[in-house]
Amino acid sequence: MGVGELAGLLGAALAAGWVDAVVGGGGLLLLPAILLASPGIPIATALGTNKLAAVAGTSTAAYTYARRVEIDWRVAGPAVPLAFLFAGGGAVLAASVPAAAFKPVILAVLVSVAIFVTFRPQLGAVPRPELATPKRVVLAVAVAGGVVALYDGLVGPGTGTFLILGLTTIVGADFVRASAMAKLVNVGTNLGALAVFASGGHVWWAAGAGMAVFNILGASIGARMALKRGTGFVRGVLLVVVLGLVARLTYDLLG
């Protein structure tokens, strides 16, 4: 790998850390950058290396948020270890289930999300604690720690976005608090998937460590910006990331 390719990877890791810390979806930037920098790299190795960088950034963002934002541990507490298990299971399935099979469904969901967020400007603007009933808390744990975590291990990009939207709609968290809880769950999903990829020798450790440093820097900047600018800023970035995911999946399907 040349100096130019390495610089591109580090820049992508920085940007991905920022995006991940605010709304998730950093894999949309970093995973393609890894594949472009190293043509011929096995997809499992690209996914594993991406997880190595991502777990460093999400851990940094989770710590930054947890110091400043009140976390609903009824959701985050059980969802994190559950996410570790389900993301690991998704990573195991990734070798046998083609991600392309899920793309049309994911695309339809993302288009629905973009429409929903656009025409519901009050979504996530203020917390709605009355929604956090015991049944909804259990549902949020199942969706975040089970369904979304499985998706993260299997496919990946957009996990943080799905977590934020799930936590906002199910338990009424505002966007900043939902982002804080999403980062904690995302640490679990990244660790679970990384453990599986690493056990199979599918991690590019040297380059991954360098990307992790830049991912941490981007995550630290992103989390602080989200906390400072509030829910309106997070909502705007969320829409941009969702539209970016829609464009990327549409390109993949048509291509």
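Structure: above.
Just so it is clear, the structure is predicted and the values come from calculations on it, not from any experiment.

Novice: Teacher, can you tell me more about the pattern of salt bridges here?
Specialist: Between side chains of opposite charge, a pair can form when the charged atoms approach closely. Using the criterion set out here, one finds four salt bridges in the structure. A salt bridge links Asp72 to Arg74; the nearest nitrogen and oxygen atoms lie 3.0 Å apart. Of the charged contacts, one joins Arg128 and Glu130 as a salt bridge, the two residues approaching to 3.1 Å between their closest N and O atoms.

Novice: Is there a simple way to explain a nonpolar patch on the surface in this structure?
Specialist: A contiguous nonpolar patch, built from Phe84, Leu85, Phe86, Leu93, Leu150 and Leu191 and spanning about 500 Å² of accessible area, is present on the exposed surface. Broken down by element, the residue count for the nonpolar patch peaks at four residues, all from helix H4 (residues 73-93). Its relative accessible area of 37% is what places Leu191 among the partly exposed residues.

Novice: How should the packing of helix H9 (residues 205-229) against helix H10 (residues 231-254) be read in this particular structure?
Specialist: Packed helix pairs are characterised by how far apart their axes lie and by the angle those axes make with each other. Contact geometry of H9 with H10 gives a least axis separation of 6 Å together with a crossing angle of 125°. Overall, the two elements H9 and H10 adopt an arrangement that is oblique. Counting all contacts with H9, which are made through Met225, Ala226 and Arg229, the residues of H10 involved are Thr231, Phe233 and Val234. Its residues placed into classes, the contact of H9 with H10 shows four nonpolar, one polar and one charged.

Parameters at a glance
- Residues numbered from 1 in each chain as written.
- Predicted model: local features only at pLDDT ≥ 70, side-chain atom pairs only at ≥ 80, totals over all residues.
- Heavy atoms only, no water.
- Salt bridge = Lys/Arg side-chain N within 4 Å of Asp/Glu carboxyl O.
- Patch = residues over 30% accessible without salt bridge, like charges linked within 9 Å, V, L, I, M, F, W, Y side chains within 5 Å.
- Areas by Shrake-Rupley, 256 points an atom, 1.4 Å probe, with all protein chains shown as cover.
- Helix = DSSP H or I, 4+ residues; strand = E, 2+ residues; numbered from the N terminus.
- Buried < 20%, exposed > 50% of the residue type's maximum accessible area, 1.4 Å probe, protein only.
- Axes fitted to C-alpha atoms, helices over the stretch in contact; angles between N-to-C directions.
- Parallel < 35°, antiparallel > 145°, perpendicular 65-115°, else oblique.
- Contact = heavy atoms within 4.5 Å.
- Nonpolar A, V, L, I, M, F, W, Y, C, P; charged D, E, K, R; others polar.

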